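Descriptive structure summary
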Amino acid sequence: MRSRSAYAAFGVLATLVGMGAGHLVAAFTSPASSPVLAVGSAVIDRTPVPLAQWAIRTFGTADKAVLIGSVMLGVLLLAGLAGVLARRRFVVGAAVLVVLVVVAAAAALTNAGAGALDVVPALATAVAGVAALALLDRLARRARPARTTDATTSASSGVGRRGVLLGAGSMVVLAAALAGAGRLVGRLRSAPADVTLPAAAQPLPALPTGLEETYPGISPLQVPNEDFYRVDTRLDVPIVDVDDWTLTIDGDVDQEVVLTFDDIAAMELVERDITLTCVSNSVGGEFVGGARWLGVPLMSLLKMAGIENTKADQLFSTDVDGMTISTPLALATDGRDAMLAIGMNGEPLPREHGFPARMVIPGLYGFISATKWIERITLTTYAEQESYWTERDWATDAPIKPSARIDTPQALPETVAPGEVVVGGVAWAQTQGGVAKIEVAIDGGDWQQAELGPEVDNDYWRQWFYRWDATPGLHSVAARVTDGEGDLQSTKEAPPFPSGSSGIHLLQISVSD
Ligand SMILES: Nc1nc2c(c(=O)[nH]1)N[C@H]1C(S)=C(S)[C@@H](COP(=O)(O)O)O[C@H]1N2
Ligand SMILES: [Mo]
């Protein structure tokens, strides 16, 4: 029971118990300071842009799971090492554990918006981890038969061995219970389901029936909340207690305004169909979606604070954890339907999408407009304050580039049967007059006009389809959009960094004999 491998396991178990304890304590203080998450976020924040882009491209929305997994693996290897060291001299092993925790605490403290309270989960991790290691070490030492073996010690070593296994087993259960309790506490603290939303002053008519009903494979006209793409720098979802939450509008304004959720819900609410798009979306990618948003016009909020005399050129918004996003003030106030949303598709905002409130601004990529879990809007200048992505050299002025996406048929390695094949998808040209025309080209031939789905709003995407008489063999299918102002989309290939991808979506389709 005192083998190296047993002690490596002790180190891992003790660390898991510590992490469980840290997770539970963090659920009460601030969930993001849970040690694993804190280290993960610190890693994300320091990831060079090309590597982050690669991770998003390669792992898609699983990029964060992969990251947490790698962080965990690294931590547990070191934890095993700590265990092995504790076998000879307990203090040395314990010290390695403490150093691991200090690194996590440092990570928690360097995360945006961190306060002294964020060290508490790390403290809990250290105490619980070292205590667990000490307990396992004691059980193992007891189980070890004395050098001068006599009948009594070998008898007691049998009991001791069982004690060690029992101890180790309880640690596994304890770690899982602590982490599970942490999750539960977080979930129970405040749920979007507890919020009742008032109706808009002028509710929109129901959306028309989308093409997806007739042509399976085309994206739904309105993306259900649970299927809506999610892009943010968070590993977990911030848990905001709506009763404690306020929105502050400050900076270069006539007067600072502080509003509670109820204050906002009591204002005149508007409803808008707007398609969000992520700058990280590659041509044909998944990071785009249409939803119906309920909220207040951003302008109503800015007027309350008074911005007539402001010298600001940016809206610098901050989320509940200190993450910041810059929006060009001129664009947010040029008459487009910029809003502070509290509802999405008839429900309070889901936690993943910014509960209790977020910004939604049509025509601007999400990273310069769609601040989730928003807490503060500061009127300031780009010269004075730099936000998260500005610091990482992403563009500050980033209108959404119109684009057409082919959703169906599936590209290689799938095959389709010859004959009539419906080519279909979605296209968007927010604030640029919407989608006016979609054209499809087969095998690089002439551009043929596709049919458009129901019209919703210029700030919304539009479904389209084209009937193609497919012949056996390999074919290329391309689509392009012309916006309501008569401009053809950019056909120039550009990567997402720094201001959004462009180029034509082209698929290789294999048609069977
Ligand atoms: N607080 C916060 N808000 C954020 C982000 C973030 O990382 N943190 N990501 C932005 C980006 S890049 C996009 S594209 C949209 C995505 O919104 P969604 O996850 O609801 O689709 O949120 C924006 N708002
Ligand atoms: Mo984004």
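Residues numbered from 1 in each chain as written. Chains lettered and ligands numbered in written order. Predicted model: local features only at pLDDT ≥ 70, side-chain atom pairs only at ≥ 80, totals over all residues. Heavy atoms only, no water.

The name given to the protein chain in an unreviewed UniProt entry is Protein-methionine-sulfoxide reductase catalytic subunit MsrP, with Nocardioides aquaticus as the source organism.

Observations concerning the packing of aromatic side chains
Formally: Only centres within 6.5 Å qualify two rings of Phe, Tyr or Trp (six-membered ring in Trp) as a pair; their planes then separate them into stacked at under 30 degrees, edge-to-face at over 60, and tilted for everything else. We count a stretch as a helix when DSSP gives it H or I for four or more residues in a row; a strand needs E for two or more, and each element gets its number in order from the N terminus. The buried label applies to any residue whose accessible area, calculated with a 1.4 Å probe on protein chains only, is under 20% of its type's maximum; exposed applies above 50%, and partly exposed to all values in between. Sitting over a ring, as applied to charges here, requires NZ of Lys or CZ of Arg to be within 6 Å of the ring centre and within 35 degrees of the ring normal.
Under the counting rule described, the total for this entry stands at 10 aromatic pairs. Here the aromatic rings of Trp245 and Phe261 are separated by 6.3 Å at their centres, their planes lie at 65°, and the arrangement is edge-to-face. Residue Trp245 is found in the loop between α7 (151-189) and β1 (246-251), and its partner Phe261 is found in helix α8 (residues 261-265); the two are separated by 16 residues along the sequence. Each of the two residues, Trp245 as well as Phe261, counts as buried. Taken together, the ring pairs in this structure connect Phe367, Tyr388, Trp389, Trp394 and Phe497 into an aromatic cluster. For the cation-ring pair, Arg392 lies above Tyr388, with the distance from its terminal atom to the ring centre recorded as 3.7 Å.

Topic: the packing of helix α5 (residues 90-110) against helix α6 (residues 120-143)
Quick note on the threshold: With axes taken as lines fitted to C-alpha atoms, and helix axes fitted only over the stretch in contact, angles between N-to-C directions fall between 0 and 180 degrees. Orientation labels follow simple angle bins: below 35 degrees gives roughly parallel, above 145 gives roughly antiparallel, 65 to 115 gives roughly perpendicular, and whatever is left gives oblique. Note on convention: near helix rotated counterclockwise from far helix by under a right angle means a left-handed crossing. Clockwise means right-handed. Note on definitions: a residue-residue contact is assigned when non-hydrogen atoms from the two residues lie within 4.5 Å. Polar here means any residue outside two lists: the nonpolar Ala, Val, Leu, Ile, Met, Phe, Trp, Tyr, Cys and Pro, and the charged Asp, Glu, Lys and Arg; Gly therefore counts as polar.
Viewed as axis vectors pointing N to C, α5 and α6 meet at an angle of 160°, and their least axial separation amounts to 9 Å. When the axis of α5 is compared with that of α6, the two are roughly antiparallel. The handedness of the crossing between α5 and α6 comes out as right-handed. Each of Phe90, Gly93, Ala94, Leu97, Val98, Val101 and Ala105 in α5 lies in contact with α6, whose residues at this interface are Ala122, Thr125, Ala126, Gly129, Val130, Leu133, Ala134 and Asp137. The residue makeup of the contact of α5 with α6, split by class, is 11 nonpolar, 3 polar and 1 charged.

Concerning the site of ligand 1
Keep this limit in mind: We call a residue near a molecule or strand whenever a single non-hydrogen atom of that residue lies within 4 Å of it. Side-chain atoms alone can form a polar contact between residues adjacent in sequence; in general such a contact is a pair of N or O atoms within 3.5 Å, and within protein one must be able to donate a hydrogen while the other accepts it.
Ligand 1 sits among 20 residues. The nearest are Tyr229, Asp319, His353, Arg358 and Lys372. Contact distances for ligand 1 include 2.9 Å between a nitrogen atom and a side-chain N or O atom of Asp319. Within the side chain of His353, an N or O atom sits 2.7 Å from an oxygen atom of ligand 1. When the residues that make up the shell around ligand 1 are grouped by side-chain class, the tally is 11 nonpolar, 4 polar and 5 charged.

Some details on empty space enclosed by the protein
Over the atoms, a rolled probe matching the size of one water molecule traces out where space is still vacant. To keep things clear, this is the line we draw: Here the term cavity refers to a set of points on a 1 Å grid, laid over the protein atoms alone, in which a 1.4 Å probe fits but cannot get out; the term pocket refers to an open set having protein on both sides within 12 Å along at least five of seven lines, with lining residues being those that place an atom within 4 Å of a point. Grid points are joined across faces, edges and corners, and a volume is the space filled by probe spheres set on the points. A domain assignment, automatic or from a database, supplies the domain bounds used here.
With the rule as written, the count across this model stands at 1 cavity of 30 Å³ or more. Considering only enclosed or pocket space, the largest cavity measures out at about 80 Å³ in volume. In terms of lining residues, the largest cavity is bounded by 13 residues, among which Asn281, Tyr365, Ser403, Trp428 and Ser501 are the most central. Taken domain by domain, the lining of the largest cavity gets at least three of its residues from each of domain 2 (211-391) and domain 3 (403-511).

Regarding the UniProt feature "domain: Oxidoreductase molybdopterin-binding" (unreviewed entry) in the protein chain
Counted only if it meets this: UniProt positions are given in the numbering used here, feature names are shortened, and annotations may be inferred rather than shown by experiment.
Within this structure's numbering, the places UniProt gives as "domain: Oxidoreductase molybdopterin-binding" (unreviewed entry) are residues 235-389. Secondary structure within residues 235-389 divides into 12% helix and 37% strand; the distance between the first and last C-alpha atoms comes to 17 Å.

Here's the deal with unusual backbone geometry
Phe355 connects to Pro356 through a cis peptide bond whose omega is 10°. By the element assignment, Pro356 lies in the loop between β8 (347-348) and β9 (358-360). Here the bond from Leu412 into Pro413 is cis, since omega is 5°, no more than 30 degrees from zero. Here Pro413 is to be found in the loop between β11 (403-408) and β12 (415-416). The residue Asn345 is not glycine, and still its phi comes out positive at about 50°.

Some words on the pattern of salt bridges
Defined as follows: The term salt bridge refers to a pairing of a side-chain nitrogen on Lys or Arg with a carboxyl oxygen on Asp or Glu at a separation within 4 Å.
All told, the structure shown has 13 salt bridges when counted by the stated rule. The salt bridge partner of Lys372 is Asp232, with a shortest N-O separation of 2.8 Å. Of this pair, Lys372 sits in the loop between β9 and β10 (374-380) while Asp232 sits in the loop between α7 and β1, placing them 140 residues apart in sequence. According to the relative accessible area criterion, Lys372 is buried, its value standing at 8%. Salt-bridge contacts for Asp250 lead to Arg376; the nearest nitrogen and oxygen are separated by 2.6 Å. Remark: Arg376 occurs in strand β10 and Asp250 occurs in strand β1; sequence separation between them is 126 residues. By relative accessible area, Arg376 is classed as partly exposed at 31%. Each of Arg230, Asp232 and Lys372 takes part in salt bridges that share partners, so that together they form one network.

Examining the UniProt feature "transmembrane region" (unreviewed entry) in the protein chain
In the numbering used here, UniProt assigns the "transmembrane region" (unreviewed entry) feature to residues 65-85, 90-109, 115-136 and 164-185. For residues 90-109, the end-to-end C-alpha separation is 29 Å, with 100% helix and 0% strand making up the annotated structure. Between the C-alpha atoms that bound residues 115-136 the distance is 34 Å, and the span itself is 77% helix and 0% strand.

Comments concerning the packing of helix α1 (residues 4-28) against α6
Closest axis-to-axis distance for the α1/α6 pair is 7 Å, and the angle between their directions is 150°. In this view, α1 runs roughly antiparallel relative to α6, as classed from their interaxial angle. Every pair of crossing elements has a handedness; the one defined by α1 and α6 is right-handed. For the pair formed by α1 and α6, the contact residues are Tyr7, Phe10, Gly11, Leu13, Ala14, Val17, Gly18, Met19, Ala21, Gly22, Val25 and Ala26 on the first element and Val120, Pro121, Ala124, Thr125, Ala128, Gly129, Ala132, Leu133, Leu136, Asp137, Ala140 and Arg141 on the second. Per-class residue counts for the contact of α1 with α6 are 17 nonpolar, 5 polar and 2 charged.

With respect to the pairing of strand β6 (residues 324-328)
Let me state the cut-off plainly: In this analysis, strands are considered paired if DSSP registers two or more bridges between them.
Counting buried residues in β6 gives 5 out of 5 residues, a clear majority hidden from the surface. Of the two faces of β6, the one lined by Thr324, Ser326 and Pro328 and the one lined by Ile325 and Thr327 are each fully buried. Both strand β5 (residues 314-319) and β6 contribute to a ladder of 5 bridges, which runs antiparallel. Looking across to β6, one finds that Ser317 is bridged to Ile325. From the end of β5 to the start of β6, which pair antiparallel, there are 4 residues, and Gly322 there has a positive phi angle of about 90°.

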